[in-house]
Amino acid sequence: MTDTTPRLSARQIARRRRSVAWRRNWKLFRGHRSGLIGLVILGVFVAIALAAPLLADADGLKVTKATGGVLEAPSSEFWLGTDENGRSVLTMLIWGARISLFVGLLATAISMVIGTIVGLVSGFFEGWTARLLYRLTEWFLVIPFLPLAIILAVVLGRSLVNIAIVIGVTSWPATALLIRSQTLSIKERPYLERARLLGAGRWHRMTRHVLPNVMPMVFANTTLTVAVAILSETTLSFLGLGDPTRISWGSMLEGAFGVGAMTTGSWWYMVPPGICVVLVVLAFTLIGQALEEIFNPRLRSR
Amino acid sequence: MAAATTALALGVGLATAGSLAVQPAGAADDEPVTFNVAFLDEVDSFNPFNGFQATSYELWAMMYDYMIGYSMEDMSPEPALAESWETSEDGLTWTFDIREGVEWSDGEPLTAGDIAYTYTRILDGGPEAVNWGTYLTSVETATAPDDTTVVLELSKPNAVLPLLPIPILPEHVWSEVPEDEVKSYRNEPTDGEPVVGSGSFQLVEGTAGGSTYVLEANPDYWAGAPHIDRVAFRVYKSEDPAIQAIIKGEVDFVDDITPIQVEALQGREGIYAQNGVSPYFEEIAFNTGAVDTETGEPLGDGNPALQDPAFRHALGYALDNERLAESAYQGAGVPGVTFIPPFYETFYWEPPEDEMFTFDLDRAGELLDEAGYEVGSDGLRTMPDGSPIGTLRLFARDEEERSQTIMEFFQEWLGEIGIESEVSVMESNQLTNVILEGNFDLFHWGWYVEGDPDSILSVFLCDARGGSSDSWYCNEEFDALYESQNAEVDDEARIETIKQMQEIIYRDSPYLITAYTTTGQAVRTDRFACFRPQPDPGGVLLVQYGAFNYHFLRPADEAGDCDGVESAIGASESSGSDDDDGGGVALWFLGGAVLVLLVAGVVVAVRRRSTADSRE
Amino acid sequence: MSTLVASGTEAVTEPPTRRRNYGRYVLGKVLGALGSLFFVLVVNFFLFRVLPGDPARTLTRGRAVTQEQLDALTEQYGLDEPLLQQFLTYLKNTFQGDLGVSIRYNVPVSELIADRFWPTLWLVGVSTLLATLIGVYLGMVSAWRRGGGFDKFSTGTTLTLYSMPEWWLGLLLIAGFSVGVGPLPGIFPTGGLHSIDVEPGTAGYVLDAAWHLTLPIITLTLAYLAEYSLIMRSSLLDELGEDYLVTARAKGLRDVDVRRRHAVPNALLPTTTLAALNIGFVVAGAITIETIFSIPGLGLLSYEAISIPDYDVLQGTLLLSSGAVIAANLVANLIYGILDPRVRT
């Protein structure tokens, strides 16, 4: 039960223990079939995203280079039909995977960095800075996500990085609170008191003792945040706030809705991007839950 | 849990009851005939001094009358409340004979006094002048010497008159609304009392920004009672549901749909769908040299090459309007030439054959060479002094999807003649600011053109810079011609001047016109008939200039020959057979959902088993 | 938007550090809420002032207007005053209940919001209620029979629903039940809040509105359902692992009693909190759903205001929704404090 909580401050022992812990966790994860399935689904999509240039010519995304007719049904040439500009939906789907994953990961990275720092500091330190940070977190938490994100998206303008920033800066408070509560409980543990008595400074204790112990939860939380970030990107794009010059699954759905996929019967334009979103979000959620069960002893023991 | 079950059962019960409640109650004779219209934008104000949306203009036209309206053929001035008019020799005095016996919906008589009152309010300035002031340019006073005469005194001749599409408001109601309360006066039905008007319909239900508006026929309308009892507007926030609504028969008319949707609807029985000609052109505009209007200093960071008319004109040969009409406009646009749409035949000008823009990249290259923009060693064209031109910024509008497509095509064609460019997309608001700050090179937008070209001509005036001019174009020759046409009372001479002005713009090319667009509309012809297009033929069926069709249309079984108007969309015209492909689609949608659920179910089933195993 | 499943509960409660009495606890929470409210006011005001676009100019584009008319518009809306002055005016007016006037509709924002409030409240309120009841039930049964067929199916379905953009689900439902094809009758309307023919205030009107709201409510219920169910399941599983329950069972209490008397009430705490929080998201929650179903509610109102930009409307709706979240949070915290003295920090 104590794999991830080294009781000695000796660096070497800690490191060795940690690597043992990671190995054990991987073993646990392997036994976690839903997490593995999530990993496989995710692996497939990551592979598609990375291999996009091999799978489909990027020129297929340009309206000026479109070869198909308007909203053609699936055929041997266009496996998933064409959009209103005659582009192959499959090509857009493959390249869209890159954008959707990229935005999801970048947004999560931003959210995690802010959330972890704010959470750690407000949990570990005492005094007005910590209290202010905690208040700030609470304040941000009460501003509804979507309206705030929409307004920020309008202010910053439409670009890929901006949309990631918008999602990142609106979704960190939940992470910060989680990290803070973890930090608070770790801080109370006796070995930290011992470390303090042995002369370890605040910075040392925070980075060497608290952070490593919080990291697993951060990691689990990260995968769940990616899921939410990808969903958010899809929604913002659907509302027309995505990067108009890039094709993501969300912007495809916006296009399909705008062109009247229901009226024109072009299910091939409306359904596949949605299924991709569901699968990827599901994959991240499954992995995240598996990680949570592994890293959170309380959850694992049940 | 019992609570949830009950709630669910209640929901189902409600659903059934609801659906029964709304089924048409048979063809009972006393059932009022309601014409249901789906719009994509709401009314932003029922007060004609406040609103800006096209929907608002549409409803004002139904609620009120004009003194002079628009003809259906070509939107030229046509008698409405005024039966006839005459001008003095010098063109400074206009006298209108007003129809007798017209009444407001509350029984008060509508007289020349109401008209003079409305115009005077606008002439006084203030918030009332914002929407309507331009129609009364150079009008000094509007008076009513008696109940059937309106006299306008002008300071100088105004060629736009007698076009006066200003809703005439009842003095006995509006005299109680002082100028400082105009902005907050809502002009909506109160306590079940309809808004007092004189139009063919009166507003009985609706608030600004609301989602439904109901208007009831005015049985005492001076041109005769409408053939239907009510018109109900319903605002849909997206096109697809609106189209589904017309397919299901929840609405009888849907406005502003895409050419693809028009095509999808054309196959359906009982529905007539068309891309109606609308007086709208779209253009690629250049930053011809933005200046601070007060100091005259250059403003912004526009590319200097674009300040040369020869450079701009050469690019006209690098624009394949045929191709754009086919792909970007989805086959529903007409390749553009000049800024006056061709159905305004009187004013439309076309360049001689040999000067007409054709898609000819070689020609564009030659013209650029001649003007000194030669290809450098890196394959890119340079300024006449040899410095690089740099990258032109092409701005597209976010609200119009085709805008981006058009700019992407243009970017490619520019690349082929050795000019680098990049496309970016922004919201109209943002683009407006960028234009006013002069921080742009090219953008794509469009203009509505009224029956009289005066207002579109004014867009190219030096004085319009920093205001309605978005190309920062300034040419004294053009300005002088504008003054002369505006004061010219001889029609022939004026038309000649206006054609000359189009020639100048064509030559100097502050705008390259990409297309004259159409508006997609669909109507349930199995339920209603007699929609006369405006312009006739080929025009739109509703959202016209004026409210003619609401008065003219009738239930399909009473259509007859539509009073002999041959161009009217009648009951017999609804197009051919229909294959119901919508069914397959929805099944596919559901199939997708079910599939996903199944996949997930399996995933989790497997997962649960595995964890259960490891646990026990 | 979806709250993160993992952190939904942690979001509102602090872990225990010291004990204090309830009075101080309440005071602290109320002061905290007031602080949040002020922060929201500040953000609310300054955020909107950096939105691009000059509203006076935007309103008149495409129409020939003189500079004087433009200036008059700018002055009328106070857009020419210094920023700080505008902020002070904003604060004063807000506390007097004056939320300003919509630039677009020339109507007081408070009236607009009052008009648009009820559709959204019904939509999100009923959805949240249904989602809570059904979700809690599903989560409870799943946890109790964990690993069983019901648990597998229920958890699988809810996880999938959680992974779905709610508007995509809505579109599928429109395709299936509004368009109405094949074996599925298109019994529900394609959008809007009520039919043209019904008289407001009658039973028919209520039925008609319910009929129009059925599909959007089903969509939102399905979308919200997942969170409640997953949280209820995991917190009940948590509780079942607690020592006291093992003891209770060892004492010979029947399973059903253990569940009813001990585990369920405790596990309900985090779920209740989440429900309270979500009610606060009334305004925000329905933007996409109101758009695809054309429901004239607050979400649609604020989304449409963005493109003008209609400052006062945006401020009003964001203030209202943030205020609702703060209030709901406060109430949840206070109830939590009564139910579970451990959290009185």
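It should be noted that the structure appears before, not after, this text.
In what follows, the accompanying structure is described. (Residues numbered from 1 in each chain as written. Chains lettered and ligands numbered in written order. Predicted model: local features only at pLDDT ≥ 70, side-chain atom pairs only at ≥ 80, totals over all residues.)

Time to look at the overall build of chain A. In terms of helices and strands, chain A carries 13 helices and zero strands. When the helices and strands of chain A are read in sequence order from the N terminus, they spell out α-α-α-α-α-α-α-α-α-α-α-α-α. Expressed as a percentage of the 302 residues in chain A, the buried residues total 55%. Considering only contacts within chain A whose residues lie at least 6 apart along the sequence, 68% involve residues at least 24 apart. (Helix = DSSP H or I, 4+ residues; strand = E, 2+ residues; numbered from the N terminus. Buried ≥ 20, exposed ≤ 12 C-beta atoms within 10 Å, placed from the backbone. Contact = placed C-beta atoms within 7 Å.)

The next thing to look at is the sheet that holds strand β5 (residues 93-98) of chain B. The strands making up a sheet associate through hydrogen bonds between their backbones, and the pairing can be parallel or antiparallel. All names here are of chain B. The strand order β4-β5-β7-β6 describes an open sheet built from four strands, whose pairing is antiparallel. Looking at which strands have only one partner, the edges of the open sheet turn out to be β4 (82-87) and β6 (139-146). In this sheet, neighbouring strand axes are inclined to one another by 20° on average, regardless of whether the strands run parallel or antiparallel. Note: β4 against β5, five bridges, orientation antiparallel. Following the sheet pairing, Thr87 is matched in β5 by Trp94. Docked against the sheet, helix α3 (residues 112-123) engages β5, β6 and β7 (149-154), running at close to 160° with respect to β6. (Pairing = 2+ DSSP bridges. Axes fitted to C-alpha atoms, helices over the stretch in contact; angles between N-to-C directions.)

Attention shifts here to the packing of helix α7 (residues 166-178) of chain C against helix α8 (residues 203-240) of chain C. All names here are of chain C. It is at 9 Å that the axes of α7 and α8 come closest, and there the two elements cross at 140°. With respect to α8, the element α7 is oriented oblique. In the packing of α7 onto α8, the handedness of the crossing is right-handed. In contact with Glu166, Leu169, Gly170, Leu173, Ile174, Phe177 and Ser178 of α7, α8 contributes Leu215, Pro216, Ile218, Thr219, Leu220, Leu222 and Ala223. Tallied by class, residues from the contact of α7 with α8 come to 10 nonpolar, three polar and one charged. (Parallel < 35°, antiparallel > 145°, perpendicular 65-115°, else oblique. Left-handed = near helix turned anticlockwise from the far one by under 90°. Nonpolar A, V, L, I, M, F, W, Y, C, P; charged D, E, K, R; others polar.)

Residues and elements named next belong to chain B. With respect to burial, strand β17 (residues 511-524) is a largely interior element, 14 of its 14 residues being buried. Examined bridge by bridge, strand β11 (residues 253-257) and β17 share four bridges and lie antiparallel to one another. Among the inter-strand pairings, Ile257 is bridged to a residue of β17, identified as Gly520. Two elements, strand β12 (residues 271-286) and β17, share 12 bridges in a ladder whose sense is antiparallel. Paired with Ile284 across the bridge in β17 is Leu512. Sheet topology places strand β13 (residues 334-335) next to β17; two bridges connect them, and they run antiparallel. Its bridge partner lying in β17, Pro335 is registered against Ala515.

Before going further, it helps to examine helix α7 (residues 160-187) of chain A. Helical geometry note: an α-helix holds 3.6 residues per turn, so side chains three or four residues apart project in the same direction. The end-to-end C-alpha distance of α7(A), which contains 28 residues, comes to 39 Å, matching closely the 40 Å that a straight helix rising 1.5 Å per residue would cover. In α7(A), a bend of some 40° at Trp172(A) exceeds every other bend along the element, and Pro173(A), a proline, comes one to four places later. (Expected span 1.5 Å × (residues − 1). Bend = angle between axes of the 7 residues up to and from the residue.)

Turning our attention to unusual backbone geometry. In this chain, Gln534(B) is followed by Pro535(B) through a cis amide linkage whose omega measures 0°. Following the sequence through the fold, Pro535(B) ends up in the loop between β18 (528-529) and α16 (548-552). Note the cis peptide between Asp536(B) and Pro537(B), where omega equals 5°. Its place among the elements puts Pro537(B) in the loop between β18 and α16. In this structure, Ser294(C) is a non-glycine residue whose phi angle is positive, near 50°. Along the chain, Ser294(C) falls in the loop between α12 (287-292) and α13 (298-306).

All names here are of chain C. Examined against the element boundaries, His212 turns out to sit in helix α8. Exposure remark for His212: the 25 C-beta atoms within 10 Å place this residue in the buried category. For His212 and Pro189, which are 23 residues apart along the polypeptide, the C-alpha to C-alpha distance reads 6.0 Å. When neighbours within four sequence positions are excluded, His212 is seen to be in contact with Pro189, Gly192, Leu193 and His194.

This paragraph deals with the environment of Ile504(B). All names here are of chain B. Topologically, Ile504 is positioned in helix α15 (residues 491-508). By the C-beta count within 10 Å, which is 16 here, Ile504 ends up partly exposed. A C-alpha to C-alpha distance of 7.2 Å links Ile504 and Phe478, two positions 26 residues apart in sequence. In contact with Ile504, other than residues within four places in its own chain, are Asn475, Glu477 and Phe478.

Turning to the packing of α7(A) against helix α9 (residues 202-238) of chain A, a few remarks are in order. Residues and elements named next belong to chain A. Relative to each other, α7 and α9 sit at 155°, their axes nearing to 9 Å. With respect to α9, the element α7 is oriented roughly antiparallel. Considering only the axes of α7 and α9, their crossing is right-handed. Facing α7, whose interface residues are Ile163, Ile167, Ser171, Thr175, Leu178, Ile179, Gln182, Thr183, Ile186 and Lys187, α9 presents Val210, Asn213, Val214, Met217, Val218, Asn221, Thr225, Val228, Ala229, Ser232, Glu233 and Leu236. The residue inventory of the contact of α7 with α9, partitioned by class, reads 12 nonpolar, eight polar and two charged.

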